[in-house]
Amino acid sequence: MHKSINVTGLTLLCCRSSLQVSEEVREYLKTPMFDNWQWEEPEMLVLIQTMFEDLDFVSEFQMETRVLQNFLLEVHSHYNHIAFHNFHHCFCVTQMMYGLIWLTDLKTKLSRTDLLIMLTSALCHDLDHPGYNNVYQINAQTDLALRYNDISPLENHHCAVAFSIICKVRPGLVSPVYPGATSADLSTQGSGSSTPNSSHVTMCILATDMARHNEILNRFRAIQPTFDFTNKEHKEVLMKIMVKVSDISNEARPMSVAEPWLDCLLQEFFNQSDTEKLRGLPVTPFMDRDKVSKPSSQTNFIRFVLLPLFTELTKLFPCLEQHILEPVRRALEYYRELEKNAADLQSSTQTKT
Ligand SMILES: Nc1nc2c(ncn2[C@@H]2O[C@@H]3COP(=O)(O)O[C@H]3[C@H]2O)c(=O)[nH]1
Ligand SMILES: [Zn+2]
């Protein structure tokens, strides 16, 4: 299901476009206001390269431009042409992570290695997503479910694909993040007591399985009042939370950016539930086109998933209130209003008939 893309052409485009990232765009890229819909995929690759540069990864880890570009091209080619879990989603999650790093001033609180792990995890977190979720994988007894014994089959697969890509483009890019690296960087770039290794990227990607949402959020809630950036466990929970927040952050973006994302998500959801119906599998209720509407999908998701998660992160970083919490509250009001209008319309139609 990989895209057939002319890699040489894309590389050329990358190189050409990299000359054009203005100071203004670099600053805009650091905000949750960023509008992904205005950019083509080759431009997004250049923007991701810019993120690596502006977080000093390129200089700090002596990344060769060619190796970094090869890595990004491999990542790009391993996202599928599907409605939601595609390269645009990968870009948005990575860009939100990048924005959060700047907004929370994490550059002064975590090591460059930790930040590289977080950005790499965001980039790789949905690699080769087939457009059908874990429940489907398990119910349909797919190869992925069989391979991973029904345990986070998709997330384990995303990690496996990430590894295969990283091994392919090694050593330039991954030496600070992965074990077995010969680079002396490993000993100098480490974050205190924690030696960076592959398990950190795996840890972050596996944390995106929503089946583990409450477990991870509750742990963060418990440590949040006494949070200590030098505590290894605290830091790891924060890294997981940052990837999770970035992954489900569409509603923190301007409505003009967020709403088309919801259309994409529902398209993928409905496709899955249609397939479930066709194959006689249990139908996932929140994906069922006969039960779900745009407003009902969002009011529940915002109230029960987004607000509790974003509120907890905002306690640690109060500056995030205006950047992620307020837009999500506005989105809730917007969808509540739509839900109410739809209910009013339905009851007035019923009265007439
Ligand atoms: N209803 C709703 N679900 C979302 C939204 N963003 C993310 N999700 C869900 O959160 C999940 C995060 O992990 P997945 O990528 O597997 O699938 C995602 C969707 O099921 C959203 O804006 N609305
Ligand atoms: Zn995702």
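Please read these numbers as outputs of a predicted model, since none were measured by experiment.

A tally of regular secondary structure across the protein chain gives 17 helices and 0 strands. Here the protein chain holds 353 residues, and 57% of them are scored as buried. When the accessible surface of the protein chain is totalled, it reaches about 15,500 Å², and 54% of it is carbon and sulfur.

Moving on: the site of ligand 1. Neighbouring ligand 1 are the residues H85, M210, D247, I248, L265, F269, S297, Q298 and F301. Between ligand 1 and S297 there is a distance of 3.0 Å, counted from a nitrogen atom to a side-chain nitrogen or oxygen. Q298 is positioned such that a nitrogen or oxygen atom in its side chain is 2.7 Å from a nitrogen atom of ligand 1. Contact with the protein chains removes 87% of the 470 Å² of surface that ligand 1 exposes when unbound. Taking a 2 Å distance to the grid points as the criterion, the majority of the atoms of ligand 1 fall inside the largest pocket. Secondary structure elements with two or more residues in the shell around ligand 1: α15 (255-279) and α16 (294-316). For the shell around ligand 1, the class distribution of residues is 5 nonpolar, 3 polar and 1 charged.

Moving on, we come to the coordination of the zinc ion (ligand 2). The protein atoms that coordinate the zinc ion (ligand 2) are H89 (NE2), H125 (NE2), D126 (OD) and D247 (OD), at distances spanning 2.1 to 2.2 Å. Geometry at the zinc ion (ligand 2) is irregular, judged from the 4 donor atoms that bind it and their angles of 83 to 168° at the metal. Read in sequence order, the donor residues for the zinc ion (ligand 2) give the motif H-x35-H-D-x120-D. Taken as a pair, D126 in the loop between α7 (112-124) and α8 (134-139) and D247 in helix α14 (residues 232-247) lie far apart in primary sequence, 121 residues in all.

On to the environment of K244, then. Along the chain, K244 turns up in helix α14. The exposure class assigned to K244 is buried, which follows from its relative accessible area of 2%. Put simply, K244 and Q49 are 195 residues apart on the chain and 22 Å apart in space, counted from C-alpha to C-alpha. When neighbours within four sequence positions are excluded, K244 is seen to be in contact with A207, M210, H213, I216 and L309. At a separation of 2.8 Å, a polar atom in the side chain of K244 contacts the side chain of H213.

It is worth spelling out the UniProt feature "binding site: Zn(2+) 2" (unreviewed entry) in the protein chain at this point. Within this numbering scheme, the UniProt entry marks D126 as carrying the feature "binding site: Zn(2+) 2" (unreviewed entry). Given a relative accessible area of 6%, D126 falls into the buried group. Once you skip the residues sitting within four places of it in the chain, D126 turns out to touch Y79, H85, H89, H158 and D247. There is a polar contact of 3.1 Å between the side chain of D126 and the side chain of H89.

How each quantity is defined
Residues numbered from 1 in each chain as written. Chains lettered and ligands numbered in written order. Predicted model: local features only at pLDDT ≥ 70, side-chain atom pairs only at ≥ 80, totals over all residues. Heavy atoms only, no water. Helix = DSSP H or I, 4+ residues; strand = E, 2+ residues; numbered from the N terminus. Buried < 20%, exposed > 50% of the residue type's maximum accessible area, 1.4 Å probe, protein only. Areas by Shrake-Rupley, 256 points an atom, 1.4 Å probe, with all protein chains shown as cover. Near = heavy atom within 4 Å. Polar contact = N/O pair within 3.5 Å; in protein donor to acceptor, adjacent residues only side chain to side chain. 1 Å grid on protein atoms, 1.4 Å probe; cavity = no way out; pocket = protein on both sides within 12 Å on 5 of 7 lines; lining within 4 Å. Sits in = over half its atoms within 2 Å of the grid points. Nonpolar A, V, L, I, M, F, W, Y, C, P; charged D, E, K, R; others polar. Donors = N, O, S within 2.8 Å, 3.2 Å for Na, K, Ca; no water. Tetrahedral: all angles 85-135°; square planar, octahedral: opposite > 155°, others 65-115°. Contact = heavy atoms within 4.5 Å. UniProt positions renumbered as here; feature names shortened; annotations may be inferred.

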